[in-house]
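# Structural description and commentary
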Amino acid sequence: MDHAGRRLRLRQTAPQGDILILSASYVPRNYPAEIYPFHQDATFRYFTGLKEPDAALLIKDDGTEILFVTEPDPDDVIWTGPVPGADALAAQAGIRNTANYADLGKYLTAHTLWIEPYDFRLKLRLAAWLSITPDQLSARASRELGRAIIELRAHKDPDEIAELNEAITLTKRMISSAQAVLEPGRLESDILAALLAPAIANERDQAFNPIVTVHGETLHNSGYSHRIEPDDMLVIDCGAESPEGYCADITRTLPASGIFSAKKQILYDAVLAAQHAGIEQTKVPGTTQYEVHIAACRALTEALKHLGLMRGNVDDAVSCGAHALFMPHGIGHMLGLDAHDMENYGDDVGYAPGTQRSKQFGLDALRLARKLEPGFVLTVEPGCYFIPELIDRWAATNHLSEFINYDMVNKYRDMRGIRIEDDILILASGSIVLGPGIDK
Ligand SMILES: [Mn+2]
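Residues numbered from 1 in each chain as written. Predicted model: local features only at pLDDT ≥ 70, side-chain atom pairs only at ≥ 80, totals over all residues.

### Section: the overall build of the protein
When you go through the protein residue by residue, the secondary structure sums to 14 helices and 14 strands. Expected size for 440 residues packed as a compact globule is a radius of gyration near 22 Å; at 24 Å, the protein falls within 12% of this value. Along the longest, intermediate and shortest principal axes, the C-alpha atoms of the protein span 65 × 50 × 40 Å. Across the 440 residues in the protein, those meeting the buried criterion constitute 42%. (Helix = DSSP H or I, 4+ residues; strand = E, 2+ residues; numbered from the N terminus. Rg over C-alpha atoms; globule rule 2.2 N^0.38 Å. Buried ≥ 20, exposed ≤ 12 C-beta atoms within 10 Å, placed from the backbone.)

### Remarks on the nonpolar core
Counting 118 residues, the largest nonpolar core has Ala56, Leu67, Leu234, Ile236 and Leu300 as its most contacted members. A total of 10 residues in this core trace back to one element, the largest contributor, which is helix 11 (residues 289-306). Inspection of this core shows a minimum of three residues originating in each of domain 1 (3-154) and domain 2 (158-433). The residues touching leucine 67, leaving out its near neighbours within four places in the chain, are Ala55, Leu57, Ala86, Leu89, Ala90, Ala93, Ile95 and Thr98. (Core = buried A, V, L, I, M, F, W, Y, C linked by C-beta atoms within 7 Å. Domains from an automatic or database assignment. Contact = placed C-beta atoms within 7 Å.)

### Re the sheet that holds strand 7 (residues 211-213)
With antiparallel pairing, 3 strands are arranged side by side in an open sheet as 7-8-9. At either end of the open sheet lies a strand with only one pairing partner, and these are strand 7 and strand 9 (250-255). Pairwise comparison of adjacent strand axes, ignoring direction, gives a mean angle of 10 degrees for this sheet. When strand 8 (residues 233-238) meets strand 9, the two strands line up antiparallel, connected through 6 bridges. (Pairing = 2+ DSSP bridges. Axes fitted to C-alpha atoms, helices over the stretch in contact; angles between N-to-C directions.)

### Here we look at the domain arrangement of the protein
For the protein, the domain assignment lists domain 1 (3-154) and domain 2 (158-433). Look at where the C-alpha atoms of domain 1 and domain 2 centre, and you get two points 34 Å apart. With 11 residues of domain 1 in contact, the opposing surface of domain 2 contributes 12 residues. Among the secondary structure elements, those contributing two or more residues to the side of domain 1 that touches domain 2 are helix 2 (42-48) and helix 7 (143-154). A total of 6 residues in the side of domain 1 that touches domain 2 trace back to one element, the largest contributor, which is helix 7. Along the lines of polarity and charge, the residues of the side of domain 1 that touches domain 2 split into 5 nonpolar, 2 polar and 4 charged. (Nonpolar A, V, L, I, M, F, W, Y, C, P; charged D, E, K, R; others polar.)

### Notes on the pairing of strand 5 (residues 65-69)
Counted residue by residue, strand 5 has 4 buried out of 5 residues, so it is predominantly covered. Bridge analysis of strand 4 (residues 55-59) against strand 5 gives 5 bridges, and the strand direction is antiparallel. Its bridge partner lying in strand 5, alanine 56 is registered against phenylalanine 68. Two elements, strand 5 and strand 6 (residues 97-100), share 4 bridges in a ladder whose sense is parallel. Its bridge partner lying in strand 6, valine 69 is registered against asparagine 100.

### A few points about helix 8 (residues 158-181)
In a regular helix each residue adds 1.5 Å, so 24 residues correspond to 34 Å; helix 8 covers 35 Å between its end C-alpha atoms and thus fits that length. Residues of helix 8 that are buried make contact with helix 9 (188-201), strand 8, strand 9, strand 10 (377-380) and strand 13 (422-426). (Expected span 1.5 Å × (residues − 1).)

### Observations regarding the sheet that holds strand 14 (residues 431-433)
Strand order in the open sheet formed by 3 strands is 10-13-14, with antiparallel pairing between adjacent strands. With one partner strand each, in any of the chains shown, strand 10 and strand 14 form the two edges of the open sheet. For this sheet, the mean inter-axis angle between neighbouring strands, taken without regard to orientation, is 35 degrees. In this structure, strand 13 lies alongside strand 14, joined through 3 bridges in antiparallel fashion. In the sheet register, isoleucine 426 faces strand 14, and the bridge partner there is serine 431. Most of the contacts of helix 10 (residues 262-282) go to strand 10, to which it runs at about 155 degrees, and overall it touches strand 10, strand 13 and strand 14.

In structure tokens:
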């Protein structure tokens, strides 16, 4: 569906009232002209295809569409070169009317529908236009508009699937490039440089800051300074963006020396079994992602029980959340124009109306739990981690020791972390792993 078609669908499915969608704004580093790399708001891009900052789309109740664009200062051309004018941008997006972004406030009423911005600049701007305070935004935002947008963005059409496949294909090249230079003695940053090279050479952005670490047990490890030792496992969690901004999100755990030690191979196979169980569950018609999560956790628990790290009845252990000592995160999230697709819309993305996120440790990090529908794209990314601080905290109170053998766990406490992640498309019947197939 083209951008005009998407806007028409939104007009048909959103509540009555004018619909406002804001683009992202430049984020300054130390003064307004020195900016962080610009990243367009995914919803604005979804409905316009435009990468223009400080712009807005208004879809009026009667279907009239207006594109608001910031008029350039004539001297801007000296610094940035010629920029397309409002008419050219509107034509590109298939929108008939244009107006100056600076005048946007005059078009808004108490009945205009919008979602709360996540950028403070836009919060301040929107509040000023509406003559309210920023802390009133949250209560006045239209949750129903949000739900209508989620419904559209959650169901990917063939063009979007092609973009996702393209992003995953480039991500496969990135991982191969990283793997080619992986050897003991190198720094994580050496591997990062090789990982990024194919994306940079193709002028492609990253979907998120890549994780390249021998300390996989720190889930969002952000540094790249560790030296890689012979027995290390390197966790690479990365994704390229496609030309239209669709995100891949792939994780592989690689042995530094090309082969896992026996102990690590068993743990790796446990995570692989958990991923297989999760992916199989996505093929069950009408399944929920909650069931996908539980299927993977059950497989992981089974394997850890086999190793003597866990004990007791597997179903009971999983329902108590005992496995969360080893996998404290959820099985996956939606994927699309954002890596954590639509995360700014909160739990309306991943939880059906009337259902709520569990407060149990582990399940509280499950972003997506609802029934899976054809066209959904999501990740299945189980892991197994040995987080010494968490092990000590649980062991201090013998927490859930009917299911956890702490003496045995302590023998594995330096095993660090493993994660394996692929991107799955839900079909009318079954599911498929997107992309060209990446060794694991
Ligand atoms: Mn992910």
